Amino acid sequence: MPDTPLILTPGEPAGVGNEITIKAWQKLHREPNHAFALLTDAHFIAAISPQAKLQTIAHITEAADVFSTALPILHRPLPSRVTPGSFSPGTAPWVTNCITEAVDLCLAKTASAMVTNPIQKEALYAAGFKHQGHTDFLAALCRERGHTANDVMMLVGGGLRAVPVTVHIALKDVATALTEDTIITHAEVVHHDLQTRFGIVAPRIAITGLNPHAGENGAMGREEIEIIRPAIAAIKAKGINAFGPLPADTAFFPQARETYDAILCMYHDQALIPVKTLDFHGGVNVTLGLPLIRTSPDHGTALDLAGSGRAQAESLIAAIRLASEMASRG
């Protein structure tokens, strides 16, 4: 059980974040080891969910005492009116301020971990947001506060832990962006956090190839020969149990998955497709390499579902459970 509660951020207020957080509380409120508080506008969440059991608290330390009977709310007033399903750049500073506050609570050890609801990037970009998304924004905040942060995205679901080495870039740019150093750094971060956050004493890390059939000895590309194999050799030299490059089309069947604890993939969809196929509603996004624990549901703001009551909370519930498990390891 974590020593302190988790802190949840609201994400895009016009999306499903508030709604699925209420559903997550309804599922988890009888489990004190998953106690959490939500940063949000108390009046707004009460208006969109009038039947919900909510209680405003002054400080996150009150969350555990409240959690069994009501969803603890740290009230942060919205700057403007919000209509579910319609995002506005006017709320962008409020969204980023909530994320920043959650980071500070975690770094101060008054929150054991943060779980972030999805943000609407278009709204943030229109307001001048300079980051690709949550992950690099969190890393930047940690660095601004004097901490080392080598942010690495891991997707967890269906018994699989998959890490994309390149993330939100066009497929045509992947081969250029891929470097030995990037693969090595990702492997080091994954190895360290599997030990410290997941309790795996001797992690086994598989690494995919980039090209079909892992390049087939250069017949279908030389990235495996010139970049990936040298990176794997360097990773092994550091005492990390890594192997590959594996052809991606055979790296995810059940018997293959039993041979590794995490798999490094060369690009976004190579990692996310198998996780979403195995556990579409329960996948979790985890940021490794930070001085704090951060998880998130593996879906977007679902503006089309906002206010309908139909948004599913399984992914957020899984993210909360995983954050609690990670935090309980210290």
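These lines cover the structure that appears in this document, whether it is placed above or below. (Residues numbered from 1 in each chain as written. Predicted model: local features only at pLDDT ≥ 70, side-chain atom pairs only at ≥ 80, totals over all residues. Heavy atoms only, no water.)

Side chains of a nonpolar character, in soluble globular proteins, are inclined to be buried together. Among the nonpolar cores identified, the biggest contains 62 residues, and Phe36, Met154, Ile183, Val190, Ile207, Leu264 and Ile320 are the most heavily contacted of them. By residue number, the principal contributor to this core is helix H12 (residues 314–328), which donates eight residues. The next biggest cluster of nonpolar side chains, apart from the first, holds 37 residues, and it includes Ile60, Ala102, Phe129 and Ala149. (Core = buried A, V, L, I, M, F, W, Y, C linked by side-chain atoms within 4.5 Å. Buried < 20%, exposed > 50% of the residue type's maximum accessible area, 1.4 Å probe, protein only. Helix = DSSP H or I, 4+ residues; strand = E, 2+ residues; numbered from the N terminus.)

The next point concerns the side chain of Arg294. Position of Arg294 relative to the elements: it lies in strand S12 (residues 294–297). At 8.5 Å, Asp151 is the nearest oppositely charged side chain to Arg294, a buried residue that forms no salt bridge. Separated by 2.9 Å, the side chains of Arg294 and Thr116 make a polar contact. Of the polar contacts made by the side chain of Arg294, one reaches the side chain of Thr287; its length is 2.8 Å. Sequence-distant contacts of Arg294, defined by excluding residues within four places in its chain, comprise Met114, Thr116, His134, Thr135, Leu138, Asn285, Val286 and Thr287. (Lys, Arg positive; Asp, Glu negative; His and termini not counted. Salt bridge = Lys/Arg side-chain N within 4 Å of Asp/Glu carboxyl O. Polar contact = N/O pair within 3.5 Å; in protein donor to acceptor, adjacent residues only side chain to side chain. Contact = heavy atoms within 4.5 Å.)

Attention now goes to the pattern of salt bridges. Per the counting criterion, the structure on display carries eleven salt bridges. Taking the shortest distance from any N to any O, the salt bridge between Glu19 and Lys23 comes out at 3.4 Å. Taken as a pair, Glu19 and Lys23 lie in helix H1 (residues 17–28) at a separation of four residues, close to a single helical turn. Exposure remark for Glu19: the relative accessible area of 11% places this residue in the buried category. A relative accessible area of 24% means that Lys23 is categorised as partly exposed. Here Lys238 and Glu188 are joined by a salt bridge, their closest N and O atoms 3.1 Å apart. Pair noted here: Lys238 is in the loop between helix H9 (223–237) and strand S9 (241–246) and Glu188 is in helix H8 (residues 180–196), with a separation of 50 residues, a long-range link. The exposure class assigned to Lys238 is partly exposed, which follows from its relative accessible area of 49%.

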